[in-house]
Amino acid sequence: FQHYYITNNLRMIKWGLVLALIMMITGTINTISAKFADVSASYGADKCESFRRTFYHPFFQAILMFIGESGCLVVYHLTVMVAKRKGEEPQVAGEGFKPYFLLVPALCDLTATSMLYLGLSLTYASVAQMMRGAVIIFTGLLARVALKQRFERHNVLGMFIIVIGLIYVGLSQTLHFPGDSAAAAAGNKDARSPMIGSVLILAAQLIVAIQMITEQKYISQYDVPALQVVGWEGTWGLISSLLLNLIFYYIPQFPQQISSVISDFHQDASVNMSDPYCNESNIKDVLNHLENPIDGLLQVIHSKQLILASVGLILSIAVFNWSGVSVTTYLNATTRMIIDSLRTILVWGFGLCVGWENTNPRRIGYELAGFVLLLMGTFIYKDIIIAPALLKVEQWWLTRGRDGHETLINPEDGSASLGTSIQARRQ
């Protein structure tokens, strides 16, 4: 029995590590796919094949993400079916749970996702990933206000360090460094307004925090399985985002966005001006919508890169959510959080390799310092690695004298006295 128990545990740990690797890879692919779409170009509803416009459809991208999330509901029902066929008791939500309870978290998810993709189109992928660390601060503060949860000392210290880390990341986007003109030449074409993008992503994390607090209320009250939560939120989000795209179609686009594309149109020497579709009026008609999902879909269809990015976005978000839930089951929630933090390194490294990042050494230094502080703050807030290690050092210090004797702590009054020599005990 003991041999079976150990073998079974080892298998669960190995499978958990495989899932952790899948989670890290798909999480990285998700961010990279979204950014890859933002830097890809294609023609769309304007039918001007010789003019390739940069893909700028953040609200259409939200539809793609919710398609992936809603797929988790299918996976959930499949797991229930498999459990029933095996004669096992499937994990289902508690009595009284209604799917529309998750409508509010889904609307929060829709708002945050749209702001995130809009911000990602304006800033660097690594900065966007780092700024998502702010969700811990907003979640902690809202939990204190809404759920009356107490802050421990390590929570406060962790939040303080995260704020410092966010300041460093923010400074990397606002300060001017010597050599920026050369380093920014490659990077800025993929990050049109890094500061505005960072602010949008920060604001999105506040919405995510509201979503998390709302989810916690219903999950704890009705014991809803995580896959079912993600699936229903994806379903409600998909319905809401389709309606939102329809509304945004009839709202005019910002003039600055149209002017920027028209300027590129006139400067592009490869445009076939004899083509009847390649004229300023036609392109303006297509662009003059806050969101044009038809144009977005046609741009995807006309570009292999955008097809790859869209498929990557849909599949990665579905597998990422599934593997995340599974990692929590086979390992623990702490492991899941660490993986989510470490994938920033992969996103950052990929961005540097393909030229999506500003390569100014001083700017990278600020980003690196910010990332380390964000990671440390997250670990301290979650009471992982750093705080337990310091506690062990403190315990060692209290139980070891400086002269090679053990220190005996009196539990009643906390007084200390020297015990047997360590060297003597070894002998």
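Rules used in this analysis
- Residues numbered from 1 in each chain as written.
- Predicted model: local features only at pLDDT ≥ 70, side-chain atom pairs only at ≥ 80, totals over all residues.
- Heavy atoms only, no water.
- pLDDT = per-residue confidence, 0-100.
- Helix = DSSP H or I, 4+ residues; strand = E, 2+ residues; numbered from the N terminus.
- Contact = heavy atoms within 4.5 Å.
- Phe/Tyr/Trp six-rings, centres within 6.5 Å; stacked < 30°, edge-to-face > 60°.
- Buried < 20%, exposed > 50% of the residue type's maximum accessible area, 1.4 Å probe, protein only.
- Salt bridge = Lys/Arg side-chain N within 4 Å of Asp/Glu carboxyl O.

1. Description of the confidence of the model for the protein chain
Then, in step 1: Across the protein chain, the average pLDDT comes to 80, with 82% of residues at 70 or higher.
Then, in step 2: Considering each helix and strand of the protein chain separately, the mean pLDDT is smallest for helix H17 (residues 422-426), with a value of 38, and largest for helix H12 (residues 293-301), with 96.
Then, in step 3: Ignoring residues within four places in sequence, the model shows residues 182-188, a span with pLDDT below 50, making eleven contacts including any to other chains.
Then, in step 4: In this model, residues 406-427 is a region of pLDDT below 50 whose contacts with residues beyond four sequence positions or in other chains number 36 contacts.

2. What to know about the packing of aromatic side chains
Then, in step 1: Taken as a whole and judged by the stated rule, the model has nine aromatic pairs.
Then, in step 2: Summarising the aromatic geometry, the rings of Phe 51 and Phe 265 are spaced 5.2 Å apart at their centres and angled 75° between planes, so their arrangement reads as edge-to-face. Here Phe 51, found in the loop between strand E1 (41-42) and strand E2 (53-54), pairs with Phe 265, found in helix H10 (residues 255-267); they are 214 residues apart in sequence, far enough to count as distant.
Then, in step 3: For Phe 265, a relative accessible area of 2% puts it in the buried group.
Then, in step 4: Summarising the aromatic geometry, the rings of Phe 97 and Phe 101 are spaced 6.1 Å apart at their centres and angled 80° between planes, so their arrangement reads as edge-to-face.
Then, in step 5: Looking at Phe 97, the relative accessible area reads 11%, which means it is buried.
Then, in step 6: When its relative accessible area of 15% is taken as the criterion, Phe 101 is described as buried.

3. A few points about the pattern of salt bridges
Then, in step 1: Applying the stated criterion across every chain, the model contains four salt bridges.
Then, in step 2: Across the pair Asp 46 and Arg 53 runs a salt bridge, and its minimum N-O distance is 2.5 Å.
Then, in step 3: A relative accessible area of 0% means that Asp 46 is categorised as buried.
Then, in step 4: Residue Glu 152 is joined to Arg 150 by a salt bridge in which the shortest nitrogen-to-oxygen separation is 3.1 Å.
Then, in step 5: You can call Arg 150 exposed: its relative accessible area is 62%.
Then, in step 6: In the salt-bridge network here, residues are joined through shared partners; they are Asp 46, Arg 53 and Asp 295.

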